[in-house]
Amino acid sequence: MADFGEILRNIGEFGLFQQLTLTALAFPNFCQGFLMSSFLFIQSDPERHCNTDWILRAANLTTEEQLNLTVPREEDGSFSRCRMFVPVDWDIQDIREFGLNETTGCRDGWVYGSMLYESTIVTDFDLVCGRSNMVGVIQTVFLAGILLGSLMFGPFAESFGRKRATQIPAVISFVFTLTTALCPSIYLYLASIFMMGIGAGGYRVNCIILATEWIGVSKRSWGACVTQFFGSVGQCVLAGTVYGIRKWRVAQLISAAPLAVVAVYIWFIPESARWLLNKGRTEEVKQLIAKAAAVNKQPVPHSLLEKVTVNTTPNNGGMKIIFRSPLLTRYFLTVVLAWFSLNLCIYCLYLDMGNLGFSIFLTQFLFGAFEIPAVLFSMWLLEIFGRKALFIFTLVIGGLSSLLIVAVPQGKPFGWIDITQYVLGLFVILSFIPLPRTCSSCYVFGCGRSLLPGLGWFCSTQLLDVDAYIQELSPTSVRQTATALGSIAARAGVLLAPLLNMLAVYHWVIPIVSSSLTIVGGALGFLLPETKKTELPETAEEAEKNRVAASGSDSPSEENTL
């Protein structure tokens with residue numbers, strides 16, 4: 001029996017076939033940032049006053065006269081944003097002479113002014129005053145959809161294949177990205193964005209696995225890196241698109257256009273030959289191998305095809321395969337903890353971009369722009385230094401750097417000096433620690449602090465390493481499920497991010513809790529094996545031996561003592 005690594009070495013570990021497959025699967029991540037544009041690019045507290053056009057039935061008034069007669073003033077002398085005088089059926093002379101005293105909430109909506117955007121979900125659905133908390137609800141609903149999508153389509157891929165588990169979420173993302181732009185009410189919008197989250201979560205957890213299982217050991221980290229690269233470019237394009245359009249529905253429709261292309265070509269991507277082989281579908285495997293070899297212009301030895309046989313090692317039991325082994329359980333829980341803490345940190349920053357006190361368009365652009373060279377550089381670093389060293393170093397240094405926020409004065413505005421320091425910090429860290437993208441110092445921004453803001457950003461950028469690790473430590477039969485469960489832990493961190501953003505305003509110790517968790521995750525990295533240049537394990541036994549192979553040890557018993 002020929003292992004699949006030997007097959008890839010014969011037909012090409014990263015030839016044209018793998019390059020086309022990886023590009024096709026990575027492209028939808030270009031649109032991932034656009035999916036959140038409707039509730040990221042908003043003016044959460046726009047200038048406004050109650051709609052009091054009822055008084056125009058009594059007389060033609062200037063805007064200033066209308067407001068003076070129908071809207072009460074706050075203590076600072078400004079017109080109330082959420083209150084109005086109760087409408088009356090009086091003549092205009094009586095209103096001017098006696099005035100109005102009884103107030104009520106806005107009955108006929110609001111009139112908005114001084115808008116950064118032409119329309120947002122806040123203004124279209126009137127998410128202000130008593131309904132302002134709906135913006136946080138929208139974020140939570142979308143992230144809950146991502147979590148459910150990861151939960152659904154991870155195990156789905158183990159039973160029905162990586163290909164099908166990638167195609168269905170891609171179509172769901174397209175359909176509900178389109179319907180989200182057309183929703184007439186906030187409740188339909190919530191339902192649509194929840195389904196959009198399911199599609200996004202299901203696709204993200206499957207596309208990297210499908211691409212990685214076709215790539216040989218020499219370029220395997222490219223599966224996660226290229227996917228992240230497309231996402232980073234999408235972040236930059238998103239900033240320019242919203243800056244030029246300023247209408248959330250139009251921006252949403254534009255993001256649906258490339259997804260429509262994806263929904264067509266996604267049906268032609270190849271299935272994972274590893275999964276087919278694990279399911280005993282050898283004839284399909286041989287056809288795919290022949291097709292891949294033809295595209296790569298490599299001959300396929302007939303003797304090699306004859307060695308393609310069904311794996312006779314039993315792989316039933318689902319995730320029990322991992323939890324039956326103390327060693328694999330340790331690996332899995334360590335990576336899951338890291339994934340949780342990393343996503344908790346980055347989304348605390350990302351969902352709070354509007355509070356940085358700087359142009360949201362430039363901030364969004366910088367987030368993507370600094371990731372691009374980092375992703376490209378990390379493709380090389382992951383193969384040179386391996387997963388383990390970078391995993392430990394960046395998590396620990398990132399966590400320690402974020403602890404410096406306790407020395408930073410609170411309430412300081414985020415000015416140009418801080419922006420310059422931020423950019424310089426990113427540049428320095430980019431030169432040494434270029435793995436994107438997670439931020440343990442996100443609370444530096446959220447609390448309006450400015451010491452070393454760039455340090456934690458790139459020191460704790462580990463999502464690519466985590467993606468690579470959980471794939472390379474899991475057997476083929478449960479690789480997708482393990483990745484899905486890890487992704488669920490990550491989404492749990494994401495769901496907690498809005499809550500911690502609120503709590504960080506009230507007490508400076510909150511960032512320390514998150515930073516400490518990141519440091520613990522990095523320290524536990526010493527328990528992980530180095531998986532650089534090792535084949536993807538097909539069985540639990542092979543996964544347990546990965547540490548032995550990586551260390552060069554010939555004794556399984558030695559591994560068990562580590």
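Predicted model, so just to flag it, every value in this text is computed and none were measured.

A. Inspection of the packing of aromatic side chains at higher detail. Tallied over the entire structure, the rule returns 12 aromatic pairs. Ring geometry for Tyr189 versus Trp248: centroids 5.6 Å apart, planes at 90 degrees, classification edge-to-face. With Tyr189 in helix α10 (residues 186-212) and Trp248 in helix α12 (residues 248-265), this pair connects stretches of sequence that are 59 residues apart. The same class applies to Tyr189 and to Trp248, which are both buried. Taken together, the ring pairs in this structure connect Phe27, Phe30, Phe34, Phe229 and Phe230 into an aromatic cluster. Directly above the ring of Phe79 sits Arg73, whose terminal nitrogen or CZ lies 4.0 Å from the centroid. Above the ring of Tyr243, the side-chain terminus of Arg246 is found at 4.6 Å from the ring centroid.

B. Quick peek at the pattern of salt bridges. Counted according to the given criterion, the structure contains seven salt bridges. Where Glu118 meets Lys247, a salt bridge forms, and the shortest distance between an N and an O atom there is 3.5 Å. A residue pair is termed long-range when its members are at least 10 positions apart, and Glu118 in the loop between β4 (110-113) and α7 (121-124) and Lys247 in the loop between α11 (222-245) and α12 qualify at 129 residues. The class for Glu118 is exposed, based on a relative accessible area of 56%. On the basis of relative accessibility, which here comes to 35%, the residue Lys247 falls in the partly exposed class. Across the salt bridge formed by Glu158 and Arg162, the nearest N and O atoms sit 2.8 Å from each other. Of the two residues examined, Glu158 and Arg162, each falls in the buried class. What emerges from the salt-bridge pattern is a single network uniting Glu158, Arg162 and Glu213.

C. View of the nonpolar core. Grouped together as the largest cluster of nonpolar side chains are 72 residues, with contacts concentrated most on Ile121, Ile138, Phe142 and Tyr189. Take this core: its biggest share by element is 11 residues, from α10.

D. How the structure looks around the state of the cysteines. Here the structure, examined in full by the defined rule, presents two disulfides. Across the disulfide, Cys50 is cross-linked to Cys106 (sulfur-sulfur distance 1.7 Å). Where Cys50 bonds to Cys106 through sulfur, the torsion about that S-S bond is close to -65 degrees, and the disulfide is left-handed. Of this pair, Cys50 sits in strand β1 (residues 47-50) while Cys106 sits in the loop between β3 (103-105) and β4, and the two are 56 residues apart along the sequence. In this structure, Cys50 and Cys106 share a single accessibility class: buried. Covalent S-S linkage joins Cys82 and Cys129, the inter-sulfur distance amounting to 2.0 Å. Around the S-S axis, the bridge from Cys82 to Cys129 shows a dihedral of about -90 degrees and counts as left-handed.

E. Focus on the environment of Phe526. You can see Phe526 is positioned in the loop between α26 (510-523) and α27 (540-551). For the pair Phe526 and Lys388, spaced 138 residues apart in the sequence, the C-alpha separation amounts to 7.5 Å.

F. Structural view of the confidence of the model for the protein. Averaged over all residues, the pLDDT of the protein is 76; the fraction at 70 or higher stands at 77%. A low-confidence stretch, residues 410-462 stays under pLDDT 50, and its non-local contacts, those more than four residues away or across chains, total 152 contacts. Contacts for the low-pLDDT stretch residues 548-562, under 50 throughout, to residues beyond four places or in other chains number 14 contacts.

G. Fine view of empty space enclosed by the protein. One pass over the structure, following the stated rule, counts seven cavities of 30 Å³ or more. Its boundaries defined by the atoms lining it, the second largest cavity holds a volume of some 60 Å³. If you go around the second largest cavity, the residues you meet are Ser37, Ser38, Phe41, Tyr117, Ser119, Thr120, Val242, Arg246, Lys247, Trp248 and Ala251. Those elements that provide at least two residues to the lining of the second largest cavity are α4 (37-40) and α12.

H. Region of interest: the side chain of Gln167. Along the chain, Gln167 falls in helix α9 (residues 162-182). Residue Gln167 is classed as buried on the basis of its relative accessible area, which comes to 0%. Within the structure, the side chain of Gln167 is placed 2.7 Å from the side chain of Arg164, a separation counted as a polar contact. Excluding residues within four positions of it along the chain, Gln167 makes contact with Ile266, Trp267 and Ile269.

I. Main features of the packing of helix α8 (residues 134-160) against α9. Taken N-terminus to C-terminus, the directions of α8 and α9 make an angle of 135 degrees; their axes are 6 Å apart at the nearest point. If you check the angle between α8 and α9, you find them oblique. Along its contact with α8, which presents Phe153, Phe156, Ala157, Glu158 and Phe160, the element α9 presents Arg162, Arg164, Ala165, Ile168, Pro169 and Ile172. Taken together, the residues of the contact of α8 with α9 break down into eight nonpolar, no polar and three charged.

J. Structural detail: unusual backbone geometry. In this structure, Cys129 takes a positive phi of about 55 degrees despite not being glycine. Along the chain, the position of Cys129 falls in the loop between α7 and α8. In this model, Lys297 sits at a positive phi of 60 degrees, which is unusual for a non-glycine residue. Inspection of the secondary structure puts Lys297 in the loop between α14 (282-296) and α15 (302-306). On the basis of relative accessible area, Lys297 is assigned to the exposed category, the value being 75%.

How each quantity is defined
Residues numbered from 1 in each chain as written. Predicted model: local features only at pLDDT ≥ 70, side-chain atom pairs only at ≥ 80, totals over all residues. Heavy atoms only, no water. Phe/Tyr/Trp six-rings, centres within 6.5 Å; stacked < 30°, edge-to-face > 60°. Helix = DSSP H or I, 4+ residues; strand = E, 2+ residues; numbered from the N terminus. Buried < 20%, exposed > 50% of the residue type's maximum accessible area, 1.4 Å probe, protein only. Lys NZ or Arg CZ within 6 Å of the ring centre and 35° of its normal. Salt bridge = Lys/Arg side-chain N within 4 Å of Asp/Glu carboxyl O. Core = buried A, V, L, I, M, F, W, Y, C linked by side-chain atoms within 4.5 Å. Disulfide = S-S within 2.5 Å. pLDDT = per-residue confidence, 0-100. Contact = heavy atoms within 4.5 Å. 1 Å grid on protein atoms, 1.4 Å probe; cavity = no way out; pocket = protein on both sides within 12 Å on 5 of 7 lines; lining within 4 Å. Points joined across faces, edges and corners; volume = space filled by probe spheres on them. Polar contact = N/O pair within 3.5 Å; in protein donor to acceptor, adjacent residues only side chain to side chain. Axes fitted to C-alpha atoms, helices over the stretch in contact; angles between N-to-C directions. Parallel < 35°, antiparallel > 145°, perpendicular 65-115°, else oblique. Nonpolar A, V, L, I, M, F, W, Y, C, P; charged D, E, K, R; others polar.

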